[in-house]
Amino acid sequence: MATDIPEDQRLTDDEVLAQVPTFIVAGHETTSTATTWALFSLSQQLDMQRKLRAELLQVATDSPTMDELNALPYLDAVVRETLRHHAPVPSTSRQAFEDDAIPVDAPYKDRYGRVREHIEIKKGDLIFLPIMSLNRRKEIWGEDAHEFKPERWEHIPEAATRVPGVWGNMLTFIGGPRACIGYRFSLVEIKALLFALVRAFEFELAVPVENIKRRTGIITTRPVITGPDGKTKASLPLIIRPYRM
Ligand code: HEM
């Protein structure tokens, strides 16, 4: 690899190759799943799809720069809301290296009815992090937390400003030293995909929305439908028409 850095700091060819699966799973599936969910929500909320298209059509070029994409407020709100509402990685876990106490926002009752001021954990405990549930928490986002509403990003609630995620007042890319390293890249990828797709096409669901369920695999959560054979498969059937002004 690069010959202008000291040899002991260079990656070997094997080390470079070993990154490929990580980038395919961590980088490709997550971003494509996020874009799929964005199209799912925009196909249900045609007013939002039209509003987004109107904004995108004001851009004078078919190949905008990253800065041009990032300057589009409604596109930004749609991407934020997609990643909040449909967190492609809906949960993860951590294991405690040592006994510890996790601070909580407000006292709570444990399963024995005792009031607790923090969560006690022991070395080795596994801690499940319900990313999507936290992203949709009514105590943070209000009564409409379970709705897809890009407009909420015009004024986010005060409680959301305290969410310790690495990006966007949500836990979609988690936080701390092992947060997602690819989130900036992913955000601009999703924006570029939606820019090209929503400018050129109109999207509508091809099956009743009740037929589309959510299934979580090892990492990502995707839309699935049940086929005539009774088997579910990852799919989002859409009717796609070229957009004519
Ligand atoms: C919408 C898109 C994405 C989502 C929702 C997402 C989400 C996440 C989450 C939740 C983690 C933490 C996993 C854990 O430790 O339990 C993570 C880690 C990671 N992500 Fe992403 N990611 C996305 C896109 C990307 C992209 C585009 C790349 C690379 C180009 C990437 C590369 C990585 C890598 C390498 C890690 C491991 C970091 C570490 O352990 O230090 N991700 N991602």
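Conventions adopted
Residues numbered from 1 in each chain as written. Predicted model: local features only at pLDDT ≥ 70, side-chain atom pairs only at ≥ 80, totals over all residues. Heavy atoms only, no water. Phe/Tyr/Trp six-rings, centres within 6.5 Å; stacked < 30°, edge-to-face > 60°. Helix = DSSP H or I, 4+ residues; strand = E, 2+ residues; numbered from the N terminus. Buried < 20%, exposed > 50% of the residue type's maximum accessible area, 1.4 Å probe, protein only. Near = heavy atom within 4 Å. Polar contact = N/O pair within 3.5 Å; in protein donor to acceptor, adjacent residues only side chain to side chain. Nonpolar A, V, L, I, M, F, W, Y, C, P; charged D, E, K, R; others polar. UniProt positions renumbered as here; feature names shortened; annotations may be inferred. Contact = heavy atoms within 4.5 Å.

## Examining the packing of aromatic side chains
Here a ring pair, both rings aromatic, is described through the centre-centre distance and the interplanar angle of the planes. Taken as a whole, this structure holds 5 aromatic pairs when the rule is applied. Ring centres of tryptophan 37 and phenylalanine 40 lie 5.3 Å apart, and the angle between their planes is 90°; on these two criteria the pair is classed as edge-to-face. One end of the pair, tryptophan 37, and the other, phenylalanine 40, are both in helix α1 (residues 13–44), 3 residues apart, so they sit about a helical turn from each other. Residue tryptophan 37 shares its accessibility class with phenylalanine 40, and that shared class is buried. Where phenylalanine 201 meets phenylalanine 203, the ring centres are 6.4 Å apart and the plane angle is 70°; that geometry is what we call edge-to-face.

## Brief notes about the site of the ligand
Neighbouring residues of the ligand: 21 residues in total, closest Thr92, Arg94, Arg178, Cys180 and Ser186. Alanine 26 is positioned with one of its backbone polar atoms (N or O) 3.2 Å from a nitrogen atom of the ligand. Arginine 94 is positioned with one of its side-chain polar atoms (N or O) 3.0 Å from an oxygen atom of the ligand. Looking at the shell around the ligand, the element that brings in the most residues is α1, giving 6 residues. Tallied by class, the residues present in the shell around the ligand amount to 11 nonpolar, 8 polar and 2 charged.

## What to know about the UniProt feature "binding site: heme" (unreviewed entry) in the chain
In the UniProt entry, the feature "binding site: heme" (unreviewed entry) is given for Cys180. You can see cysteine 180 is positioned in the loop between α6 (138–141) and α7 (183–200). Among the residues examined, cysteine 180 registers a relative accessible area of 32% and is labelled partly exposed. Leave out the neighbours within four places in its chain, and cysteine 180 touches Phe173 and Ile174.

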